[in-house]
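Fold and geometry: a report
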Amino acid sequence: MADKQFSVLPQHLGIIMDGNGRWAKQRSLVRSEGHKQGSETFRKIGEYAGNLGIRYITFYAFSTENWNRPEAEVNAIMQLFDSFLTEAIDRLDENIEKGIRLHFLGDKSGLSDELQNLMDYVEEQTKNCTKVHLNLAINYGGRQEILQAVKTIAQKVQNGEISVDEISEQMLSDALYTSGQPDPDLIIRPSGELRLSNFLTYQSAYSEFWFSDVLWPDFTEEHLNQALADFEKRHRRFGGI
Ligand code: FPP
């Protein structure tokens, strides 16, 4: 598919990959089949968005609340994540050549040692890439992220490294998993749900939102084009006039 030209692109695009379970149900398949198809869509849309020139892309793969799902479903998602990491490592040279930096948002300590090792390895190996920053939010919760940032800063105060008055928005932003990255300009949520679900809670203060009824496994490059065409027309005021 030919890559479309847009006069304004979001610098940072966030995507909530929702609707996998319903996609599977519609086809009388087990929910994990929906996640499998969703992980294919993730690869396709990630590549397309990167080719369009979007520099920061964050996909929401697994929330801190998703542990409440049946064990088999959680295991299936972790297995898909493992496959993605293994593939990223197999194609490390290609990814580095394309300038793709991989980064994970969330509490790694809740994941298996094997996953943590693979995550640390790809992050380290791609840390000098600057063309596309691909973030995957896994075991991520916006409130948990803010809480750990507050604890990091409180520890600095307790150690006497900074005073309370020195705490700034910048300091808080720097203590988030997205440290050094711009805030998301556009957040896409498919599947008809109209909520943020603990995704980039702090960073989304001025994000534009784009919702669609399409289920994530059915999400195509054309849907992304539509979202970007709508984003082009938005008048962002950031509290001004
Ligand atoms: C929400 O849809 C989706 C998830 C909780 C998992 C998303 C995971 C993937 C797309 C695959 C993982 C890919 C990698 C690379 C880790 P839902 O299951 O809540 O859908 P429903 O609302 O229709 O039930």
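Within the chain one finds 8 helices and 6 strands. Along the chain, helices (α) and strands (β) appear in the sequence β-α-α-β-α-α-β-α-β-α-α-β-β-α when read from the amino end. Relative to the compact-globule value of 18 Å for 241 residues, the chain shows a C-alpha radius of gyration of 18 Å, a close match. If one aligns the C-alpha atoms of the chain with their principal axes, the spans along those axes are about 60 × 50 × 35 Å.

Each pair of aromatic rings is reported with the distance of its centres and the angle of its planes. Taken as a whole and assessed by the stated rule, the structure comprises 11 aromatic pairs. With 4.7 Å between their ring centres and 20 degrees between their planes, Tyr 60 and Phe 199 make a pair best called stacked. Here Tyr 60 is found in strand β2 (residues 56-63), whereas its partner Phe 199 is found in the loop between β5 (186-189) and β6 (208-211), with 139 residues between them in sequence. Taken as a pair, Tyr 60 and Phe 199 share a single burial class, namely buried. With a centroid separation of 6.2 Å and an interplanar angle of 65 degrees, the aromatic rings of Tyr 140 and Tyr 177 are classed as edge-to-face.

When the terminal C-alpha atoms of helix α8 (residues 221-233) are compared, their 19 Å separation across 13 residues agrees well with the 18 Å that a helix rising 1.5 Å per residue should span. Turning to α8, its buried residues number three or more, namely Glu 221, His 223, Leu 224, Asn 225, Ala 227, Leu 228 and Phe 231. Each element contacted by the buried residues of α8 is listed here: β1 (12-16), α2 (31-52), β5 and β6.

On to the site of the ligand, then. Taken together, 17 residues lie near the ligand, and Met 17, Gly 21, Arg 22, Arg 31 and Arg 69 sit nearest. One nitrogen or oxygen atom from the side chain of Asp 18 is found 3.2 Å from an oxygen atom belonging to the ligand. Between the ligand and Asn 20 there is a distance of 3.2 Å, counted from an oxygen atom to a backbone nitrogen or oxygen. Burial of the ligand by the surrounding chains reaches 92%, relative to a free accessible area of 620 Å². Within the residue set of the shell around the ligand, elements represented by two or more residues are α1 (20-26), α2 and α3 (71-90). At 5 residues, α2 tops the list of elements feeding residues into the shell around the ligand. Taken together, the residues of the shell around the ligand sort by class into 6 nonpolar, 7 polar and 4 charged.

Of all residues in the chain, 99% have pLDDT values of 70 or greater, and the mean over the chain is 97. Ranking the helices and strands of the chain by mean pLDDT puts β1 first, with 99, and α8 last, with 97.

This part is about the packing of α3 against helix α5 (residues 113-125). Relative to each other, α3 and α5 sit at 35 degrees, their axes nearing to 10 Å. In this structure, α3 crosses over α5, and the sense of that crossing is left-handed. For the pair formed by α3 and α5, the contact residues are Met 78, Phe 81, Asp 82, Leu 85, Thr 86, Ala 88 and Ile 89 on the first element and Glu 114, Leu 115, Leu 118, Met 119, Tyr 121 and Val 122 on the second. Within the contact of α3 with α5, the residues separate by chemical class into 10 nonpolar, 1 polar and 2 charged.

Within the secondary structure, Leu 52 sits in helix α2. Taking relative accessible area as the criterion, Leu 52 reaches 12% and is therefore assigned buried. Each C-alpha atom, one on Leu 52 and one on Lys 151, is 38 Å from the other, the two residues being 99 residues apart in sequence.

Conventions we followed
- Starting afresh in each chain, residues are numbered from 1 along the sequence in its written order.
- Since the coordinates come from a predicted model, pLDDT governs what is reported: local features require at least 70, and pairs of side-chain atoms require 80 or more to be given and counted, while whole-chain, interface and lining totals use all residues.
- Side-chain measures here rest on the full set of heavy atoms in the structure, leaving out hydrogens and waters.
- Numbering of helices and strands runs from the N terminus; a helix is a DSSP stretch of H or I covering at least four residues, while a strand is a stretch of E covering at least two.
- Here the globule rule reads 2.2 Å times residues to the power 0.38, and the radius of gyration is calculated from C-alpha atoms.
- In this scheme Phe, Tyr and Trp rings, the latter by its six-membered ring, pair at centre separations within 6.5 Å, and the angle between planes marks the pair as stacked below 30 degrees, edge-to-face above 60, and tilted otherwise.
- The cut-offs for exposure are 20% and 50% of the maximum accessible area for each residue type, with area from a 1.4 Å probe on protein chains only; residues under the lower value are buried, those over the upper are exposed, and the others partly exposed.
- Multiplying one less than the number of residues by 1.5 Å gives the expected span of a helix.
- A contact between two residues is defined here by any heavy atoms of the two lying within 4.5 Å.
- Residue proximity to a molecule or strand is established when one non-hydrogen atom of the residue lies within 4 Å of it.
- A 3.5 Å cut-off defines polar contacts: any pair of N or O atoms within that distance qualifies, except that in protein one atom must be a possible hydrogen donor and the other a possible acceptor, and neighbouring residues in sequence count only when both atoms are side-chain atoms.
- Each accessible area value is a Shrake-Rupley result obtained with a 1.4 Å probe; residue values ignore everything except the protein chains displayed when judging cover.
- Here the nonpolar group is Ala, Val, Leu, Ile, Met, Phe, Trp, Tyr, Cys and Pro; Asp, Glu, Lys and Arg are the charged ones; every other residue, Gly included, is treated as polar.
- Per-residue confidence from the predictor is given as pLDDT, running between 0 and 100.
- To get an axis, fit a line to the C-alpha atoms, keeping to the stretch in contact for a helix; angles then go from 0 to 180 degrees between the N-to-C directions.
- For any helix crossing, the convention is left-handed if the near helix is rotated counterclockwise from the far helix by under a right angle, and right-handed if that rotation is clockwise.

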